[in-house]
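# Reading the structure
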Amino acid sequence: MRLTEKVHHILTNHLKEGDRAIDATAGNGYDTLFLAEQVGPSGKVIAIDIQDCAIRSTREKLESAGLIDRVRLVTDDHAIALRKLIEDDHENVAAITFNLGYLPGSDKSIQTRAESTEEALAASIQLLTLADTFA
Ligand SMILES: C[S@@+](CC[C@H](N)C(=O)[O-])C[C@H]1O[C@@H](n2cnc3c(N)ncnc32)[C@H](O)[C@@H]1O
């Protein structure tokens, strides 16, 4: 089983209708689409990517699936975007996915880097801990 399939399998058992989830590396939108299906019509997904072309691709995928209404798209570095969500102090987040690397079929020089990934993971732990507090 591929690692992404394994993660999806684990999240299928964890996420429920109405949850909020974040895709920290939206790319071509496969993981965003999966999360949007899991959280259902009353749930919300925030999809972050540093590249406009990835966000466009994710938008197209979610529009085709008729699920764009439950997705907020954010073009930004995930470390910055996740920190902003903590400052907003309103996100009750059930899961955050990272699929590291570069966007397939795109500029390979734009890829996730250890430093910002570490910052993004630290912010994610905080967001997921906030979720526990509100549960
Ligand atoms: C392997 S792809 C993600 C695949 C995606 N999850 C999917 O389902 O198609 C990695 C993505 O991370 C994005 N990325 C690289 N550095 C980033 C950063 N600092 N913040 C947010 N996204 C970043 C790239 O633009 C690329 O689209």
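The structure presented is a predicted model; accordingly, all values stated were derived computationally and were not measured. (Residues numbered from 1 in each chain as written. Predicted model: local features only at pLDDT ≥ 70, side-chain atom pairs only at ≥ 80, totals over all residues. Heavy atoms only, no water.)

Looking now at the pattern of salt bridges. With the rule as written, the count across this model stands at four salt bridges. Between Lys16 and Asp19 there is a salt bridge, with its nearest N and O atoms 3.3 Å apart. Lys16 gets classed as exposed once you look at its relative accessible area, which sits at 52%. Between Asp76 and Lys84 there is a salt bridge; the shortest N-O distance is 3.3 Å. (Salt bridge = Lys/Arg side-chain N within 4 Å of Asp/Glu carboxyl O. Buried < 20%, exposed > 50% of the residue type's maximum accessible area, 1.4 Å probe, protein only.)

Let us now look at the site of the ligand. Around the ligand sit 23 residues in total, of which Thr25, Asp31, Asp49, Gln51 and His78 are the nearest. Asp49 is positioned with one of its side-chain polar atoms (N or O) 2.7 Å from an oxygen atom of the ligand. Within the complex, the protein chains bury 95% of what would otherwise be the 610 Å² of accessible surface of the ligand. (Near = heavy atom within 4 Å. Polar contact = N/O pair within 3.5 Å; in protein donor to acceptor, adjacent residues only side chain to side chain. Areas by Shrake-Rupley, 256 points an atom, 1.4 Å probe, with all protein chains shown as cover.)

For the rest of this paragraph, the subject is the layout of surface pockets. What the largest pocket holds in volume is close to 620 Å³. Among the elements that line the lining of the largest pocket, the one with the most residues is helix H1 (residues 3-14), at three residues. Split by residue class, the lining of the largest pocket holds nine nonpolar, 13 polar and seven charged. (1 Å grid on protein atoms, 1.4 Å probe; cavity = no way out; pocket = protein on both sides within 12 Å on 5 of 7 lines; lining within 4 Å. Points joined across faces, edges and corners; volume = space filled by probe spheres on them. Helix = DSSP H or I, 4+ residues; strand = E, 2+ residues; numbered from the N terminus. Nonpolar A, V, L, I, M, F, W, Y, C, P; charged D, E, K, R; others polar.)

Think of a sheet as strands paired side by side through backbone hydrogen bonds, with each pair either parallel or antiparallel. In space, the four strands of this open sheet follow the order E3-E2-E1-E4, with parallel pairing throughout. In this open sheet, the two strands that pair with only one neighbour each are strand E3 (71-75) and strand E4 (93-97). Across the sheet, the mean angle separating the axes of adjacent strands is 15° when strand polarity is ignored. Two strands pair when backbone bridges link them, and strand E2 (residues 44-49) and E3 are joined in this way by five bridges, in the parallel orientation. The partner of Ala47 across the bridge, within E3, is Leu73. Sheet contacts for helix H4 (residues 78-88): strand E1 (20-23), E2 and E3; angle to E2, the most-contacted strand, approximately 145°. (Pairing = 2+ DSSP bridges. Axes fitted to C-alpha atoms, helices over the stretch in contact; angles between N-to-C directions. Contact = heavy atoms within 4.5 Å.)

Right, let's talk about the packing of H1 against helix H2 (residues 30-39) for a bit. The interhelical angle for the contact between H1 and H2, taken along N-to-C directions, is 20°, at an axis separation of 10 Å. By the criterion of interaxial angle, the relationship of H1 to H2 is roughly parallel. Both H1 and H2 take part in a crossing whose hand is right-handed. From H1, His8, Leu11 and Thr12 reach across to H2, where they touch Asp31, Phe34, Leu35 and Gln38. Across the contact of H1 with H2, the residue classes break down as three nonpolar, three polar and one charged. (Parallel < 35°, antiparallel > 145°, perpendicular 65-115°, else oblique. Left-handed = near helix turned anticlockwise from the far one by under 90°.)

A few words on the packing of H2 against helix H3 (residues 52-64). For the pair H2 and H3, interaxial distance at closest approach is 9 Å and the crossing angle is 40°. Judged on the interaxial angle alone, H3 and H2 are oblique. Of the two elements, H2 crosses H3, and the hand of that crossing is right-handed. Across from Tyr30, Thr32, Leu33 and Ala36 in H2, the residues of H3 making contact are Thr58, Lys61 and Leu62. Tallied by class, residues from the contact of H2 with H3 come to four nonpolar, two polar and one charged.

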